[in-house]
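# Analysis of the macromolecular model
In case you want the letters, here they are:
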Amino acid sequence: MLIQLFDKSNEQYIIEAANLLASCFPHAYSDCAFEEIDRILDDERIAVMAVENGHLIGFAGAIPQYGVTGWELHPLVVNEAYRNKGIGTKLVFKLEEEVVARGGIVMYLGTDDEFGQTTLSGTDLFDNLFEKIQNIKNIGNHPYEFYQKIGYRIVGVIPDANGLGKPDIWMAKRLVRRNIE
Ligand SMILES: CC(C)(COP(=O)(O)OP(=O)(O)OC[C@H]1O[C@@H](n2cnc3c(N)ncnc32)[C@H](O)[C@@H]1OP(=O)(O)O)[C@@H](O)C(=O)NCCC(=O)NCCS
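The following refers to the structure shown.

Reading the values: rules and limits
- Residues numbered from 1 in each chain as written.
- Predicted model: local features only at pLDDT ≥ 70, side-chain atom pairs only at ≥ 80, totals over all residues.
- Helix = DSSP H or I, 4+ residues; strand = E, 2+ residues; numbered from the N terminus.
- Axes fitted to C-alpha atoms, helices over the stretch in contact; angles between N-to-C directions.
- Left-handed = near helix turned anticlockwise from the far one by under 90°.
- Contact = placed C-beta atoms within 7 Å.
- Nonpolar A, V, L, I, M, F, W, Y, C, P; charged D, E, K, R; others polar.
- Pairing = 2+ DSSP bridges.

Residue His74 is joined to Pro75 through a cis peptide bond whose omega torsion reads -10°. Checked against the element boundaries, Pro75 lands in strand β4 (residues 70–78). Not every positive phi belongs to a glycine, and Asn84 is a case in point at roughly 60°. Backbone geometry at Asp160 places phi at a positive 60°, although glycine is not the residue there. By the element assignment, Asp160 lies in the loop between β6 (153–158) and β7 (168–174).

The contact between helix α1 (residues 11–24) and helix α3 (residues 33–40) brings their axes to 9 Å, and the two run at 115°. At the point where α1 passes α3, the crossing takes the right-handed sense. Along the contact surface, α1 presents Ile14, Ala17, Ala18, Leu21 and Ala22, while α3 presents Ala33, Phe34, Glu36 and Ile37. Across the contact of α1 with α3, the residue classes break down as eight nonpolar, no polar and one charged.

In this section: the pairing of strand β3 (residues 55–66). Pairing of strand β2 (residues 46–52) with β3, which is carried by seven bridges, proceeds in the antiparallel orientation. When the sheet's bridge partners are listed, Met49 is paired in β3 with Phe59. Hairpin connection, β2 to β3: the antiparallel pair is bridged by two residues, and Asn53 has positive phi, about 50°. Direction of pairing for β3 relative to β4: antiparallel, over a ladder of seven bridges. If you follow Ala60 over to β4, its bridge partner there is Leu76. Between β3 and β4, which pair antiparallel and follow one another directly, the connecting turn spans three residues, one of which, Gly67, has a positive phi of 60°.

In structure tokens form, the structure reads like this:
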């Protein structure tokens, strides 16, 4: 399995990435996956991919949102048949390396809880927010725990971002050695 920068010249990888995006997030991309892949492959962004036997089996992207220092991780997808084999971790680590090489010091992401997968859903997050974040439980295989395992921390939420009781969970990771107090 290879992890490398996304080969934008290869049409087959683009088609496989669009199909993967649409199958993983049908509610968001079923009718606009190719347009989204176009944005993900924009020159100012970074995209990396995982390839097995000549086929794309996962990819990840990063967007410079605060000059070059703060980058948003979006998206991250691994083909269902290849999950839990460390590929998601390797994709994010490769992306982090590329972000640092371009001057990045923090990577952050929003991970939606639209389908009741954590205890942060179905509750009023304007009430006792920080206690609720502290006591978060994963009740439906939500990926926030994947991100925690590779060094990301919950730094906030957007309550009701996807509808009442359906928050977006914000996570971040410092990518460089800390030399501030
Ligand atoms: C989230 C995702 C990218 C993880 O990729 P992956 O290749 O399966 O992840 P890894 O194998 O590197 O997992 C690393 C660790 O995280 C854990 N993990 C992975 N997904 C998890 C989840 N949804 N919930 C809890 N733990 C999870 C793994 O069990 C593993 O734990 P271990 O180190 O104790 O063995 C993949 O499940 C995926 O594509 N999901 C659908 C799309 C998605 O949700 N993307 C993120 C949107 S913000």
